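Here is what each chain is made of, one letter per residue.
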Amino acid sequence: MKESKLFSGQRIPLEMHKPKIVQKLSLVPTERRLQAIKEAGFNTFLLKNGDVFLDMLTDSGVNAMSDRQQAAMMVADDSYAGSRTFTRLERTCQDLFGMQHFLPAHQGRACENILSQVLVHPGSVVVTNYHFTTTKAHVVLNGGTVEELPIAEALQTTSDHPFKGNMDLGRLKAFIGEHGSEKIAFVRMEAGTNLIGGQPFSLGNLAGVRDICDAYGVLLVLDASLLADNLYFIKRREVKCQGLSIREITRRICDLVDVLYFSGRKLGCARGGGLCTNRDDLFVSLRELIPLYEGFLTYGGMSVREMEAMAVGLEETMDEDMINQAPEFIDYMVNELEKLGIPVVTPPGGLGCHINAKEFVDHIPQSQYPACALAAALYIVSGVRGMERGTLSEGRDEEGNESLADLELVRLALPRRVYTLSHVKYTIDRITWLYEHRQMIGGLTFVDEPKTLRFFLGRLDALSDWPERLGKKFESDLGRI
Ligand SMILES: Cc1ncc(COP(=O)(O)O)c(C=O)c1O
């Protein structure tokens with residue numbers, strides 16, 4: 001995004017790319033949307049894409065690829081073993097992250113499975129700036145628990161703290177001191193902290209975490225899935241880093257950690273994942289599991305075409321004009337909604353615009369999944385598919401009790417280089433209408449609740465006829481579309 005001033009004085013995000021391949025969209029009428037959300041059990045994950053107008057569910061695997069990525073896919077070497085494609089991707093990781101060892105895996109959670117199997121044991125603890133759903137599931141599956149020690153601002157939905165993804169260093173030190181370093185499987189820092197609104201950590205904070213890990217002899221692992229956004233925010237918001245290039249910031253981050261893993265569906269705009277380390281001992285134990293779960297060491301469950309695209313995509317992540325597109329669009333969306341008095345997470349983070357459902361629908365108790373209800377309501381009145389990030393995503397505790405989430409958010413993801421400003425304006429308009437009519441939105445209850453990661457496949461029903469009434473009111477105000 002270039003800082004180009006408009007004659008009108010208005011500030012808009014300006015794209016430094018143009019679409020060369022496009023996909024046709026359709027906007028089905030309200031009555032079909034109402035039917036579709038019922039068929040999907042009020043879970044936006046279960047909507048069929050033909051019924052969706054703007055898919056803001058996630059950025060995962062749906063970022064736009066560049067022409068250079070597409071071109072690279074044509075020269076992939078699909079040998080089972082020793083593929084030249086692997087060598088190219090390995091070299092890119094070595095060059096960008098400064099880590100000698102690269103292990104391929106089919107996506108981010110596959111890396112989490114391997115890391116957890118090797119490092120997490122019954123009774124051990126993973127300490128993190130904030131958990132992610134699949135990370136926690138793998139830690140728990142291996143008998144461990146997750147301890148979150150973010151700074152207090154992390155859970156304040158509105159704040160002007162530039163780095164709400166920071167770890168609370170005082171609490172981290174006290175926790176390790178109290179429990180003993182033998183109990184800590186690893187400290188995990190998540191870049192662009194997903195579940196609290198795509199909030200970054202600062203380089204200074206990561207260095208502080210490293211010092212504590214060194215003092216206690218504890219491993220430091222980086223979840224770099226949302227690193228692109230975090231890099232942008234460090235460059236923009238961390239005074240000491242403003243003279244550094246994105247490439248230099250990347251290296252400084254990587255030099256502080258023992259292991260880095262990523263979802264290539266997010267970082268690198270392709271589909272896959274990988275683990276990187278300089279530690280020979282760790283490399284050897286992690287490597288053991290790759291052929292077992294992922295595939296041979298030179299593809300790890302990925303298509304070689306995606307690996308070629310990933311190598312180019314990772315390299316393109318070093319271009320500030322590329323990585324600033326999504327955060328700048330998100331910034332625009334959050335600021336416009338805030339001006340209209342609509343509760344959103346601030347400061348604007350990466351990944352998407354996050355609506356604070358606890359305030360938006362403050363009449364719906366957390367036990368009736370307010371964020372899920374709000375995501376369903378938004379779909380009914382707009383065809384926009386967002387994602388619940390609240391109690392439904394949290395799941396139940398060991399005794400089967402509901403664990404109420406710290407935050408109830410509806411995430412409207414803005415995959416990189418995909419949506420236009422008019423798409424964003426349309427979404428803002430429909431959210432505004434919904435906010436005016438928010439009292440019409442009601443709660444939900446489970447009709448089919450999976451035991452693990454229930455947000456993916458769970459089915460719910462409305463606790464009254466609120467969806468029909470909402471749909472009718474929308475039609476009478478704004479028509480069938
Ligand atoms: C921070 C973070 N870690 C891990 C993952 C898991 O990655 P994947 O979806 O590729 O399995 C995600 C996916 O959204 C993520 O956001």
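The structure presented is a predicted model; accordingly, all values stated were derived computationally and were not measured.

A word on the domain arrangement of the chain. Domain annotation of the chain identifies domain 1 (30-59 + 322-478) and domain 2 (67-319). Measuring from the centre of the C-alpha atoms in domain 1 to the corresponding centre in domain 2 gives 28 Å. The interface of domain 1 with domain 2 comprises 23 residues on the first partner and 27 residues on the second. The set of elements that each furnish at least two residues to the side of domain 1 that touches domain 2 consists of α12 (320-323), α13 (325-339) and β9 (352-356). The element best represented in the side of domain 1 that touches domain 2 is β9, accounting for 3 residues. Here the residues of the side of domain 1 that touches domain 2 sort into 10 nonpolar, 9 polar and 4 charged.

Another point: the site of the ligand. Of all residues adjacent to the ligand, which total 15 residues, the nearest are Gln 107, Gly 108, Arg 109, Ser 225 and Ser 263. Listing elements by their share of the shell around the ligand, those giving two or more residues are α4 (108-119) and α5 (133-141). Classifying every residue of the shell around the ligand gives 2 nonpolar, 9 polar and 4 charged.

The next thing to look at is the environment of Asp 448. Relative to the helices and strands, Asp 448 resides in strand β13 (residues 444-448). A sequence separation of 13 residues divides Asp 448 from Asp 461, and the C-alpha atoms of the two residues are 9.5 Å apart. Setting aside residues no more than four positions away along its own chain, Asp 448 makes contact with Gly 41, Gly 458 and Arg 459.

Across the junction of Thr 346 and Pro 347, the peptide omega takes the value -5 degrees, indicating a cis bond. Inspection of the secondary structure puts Pro 347 in the loop between α13 and β9. One non-glycine residue with positive phi stands out, namely Phe 42, at about 55 degrees. On the secondary structure map, Phe 42 appears in the loop between α1 (30-39) and β1 (54-55). Given 29 C-beta atoms within a 10 Å radius, Phe 42 is considered buried.

Right, let's talk about the sheet that holds β9 for a bit. Within the open sheet, the 3 strands sit side by side as β9-β12-β11. Their pairing is antiparallel. Each end of this open sheet is capped by a strand with a single partner; those strands are β9 and β11 (387-389). Put simply, the sheet's adjacent strands are angled 30 degrees from each other on average, direction ignored. Inspection of the sheet shows β11 paired to strand β12 (residues 409-413) by 3 bridges, in the antiparallel sense. Residue pairing across strands places Arg 389 opposite Leu 409, the latter belonging to β12.

Judged by nonpolar contacts, the single largest core of 142 residues is most densely connected at Leu 260, Cys 372, Ala 373, Leu 374, Ala 377 and Leu 378. Considering each element in turn, this core owes the most residues, 11 residues, to helix α15 (residues 370-382). Counting contributing residues, this core receives three or more from each of domain 1 (30-59 + 322-478) and domain 2 (67-319). Contacts of Cys 372, omitting those with residues within four sequence positions, involve Phe 42, Glu 388, Leu 392, Leu 444 and Leu 460.

Another aspect to go through is the sheet that holds strand β2 (residues 101-105). In space, the 7 strands of this open sheet follow the order β2-β8-β7-β6-β5-β3-β4, with mixed pairing throughout. The open sheet has two free edges, formed respectively by β2 and β4 (145-148), since each of these has just one partner strand. For this sheet, the mean inter-axis angle between neighbouring strands, taken without regard to orientation, is 20 degrees. Across 4 bridges, the pairing between strand β3 (residues 125-128) and strand β5 (residues 184-190) is parallel. Across the sheet, residue Val 126 finds its bridge partner in β5, namely Phe 186.

Turning to α15, a few remarks are in order. Relative to the 18 Å expected for 13 residues at 1.5 Å per residue, α15 spans 18 Å between its end C-alpha atoms, a close match to the ideal helical length. The element α15 is extensively covered by neighbouring structure, given that 13 of its 13 residues are classed as buried. Positive backbone phi, at 80 degrees, marks Gly 383, one or two positions downstream of α15.

Let us look at the pairing of β5. Within β5, 7 of the 7 residues are buried, which leaves it mostly tucked inside the rest of the structure. Inspection of the sheet shows β5 paired to strand β6 (residues 220-223) by 4 bridges, in the parallel sense. Counted as the bridge partner of Arg 188 is Val 221 from β6. For the segment spanning β5, helix α7 (residues 203-216) and β6, crossover handedness is right-handed.

Definitions and limits used
- Residues numbered from 1 in each chain as written.
- Predicted model: local features only at pLDDT ≥ 70, side-chain atom pairs only at ≥ 80, totals over all residues.
- Domains from an automatic or database assignment.
- Contact = placed C-beta atoms within 7 Å.
- Helix = DSSP H or I, 4+ residues; strand = E, 2+ residues; numbered from the N terminus.
- Nonpolar A, V, L, I, M, F, W, Y, C, P; charged D, E, K, R; others polar.
- Near = placed C-beta within 6 Å.
- Buried ≥ 20, exposed ≤ 12 C-beta atoms within 10 Å, placed from the backbone.
- Pairing = 2+ DSSP bridges.
- Axes fitted to C-alpha atoms, helices over the stretch in contact; angles between N-to-C directions.
- Core = buried A, V, L, I, M, F, W, Y, C linked by C-beta atoms within 7 Å.
- Expected span 1.5 Å × (residues − 1).
- Right-handed = clockwise from strand over helix to strand, strands pointing away.

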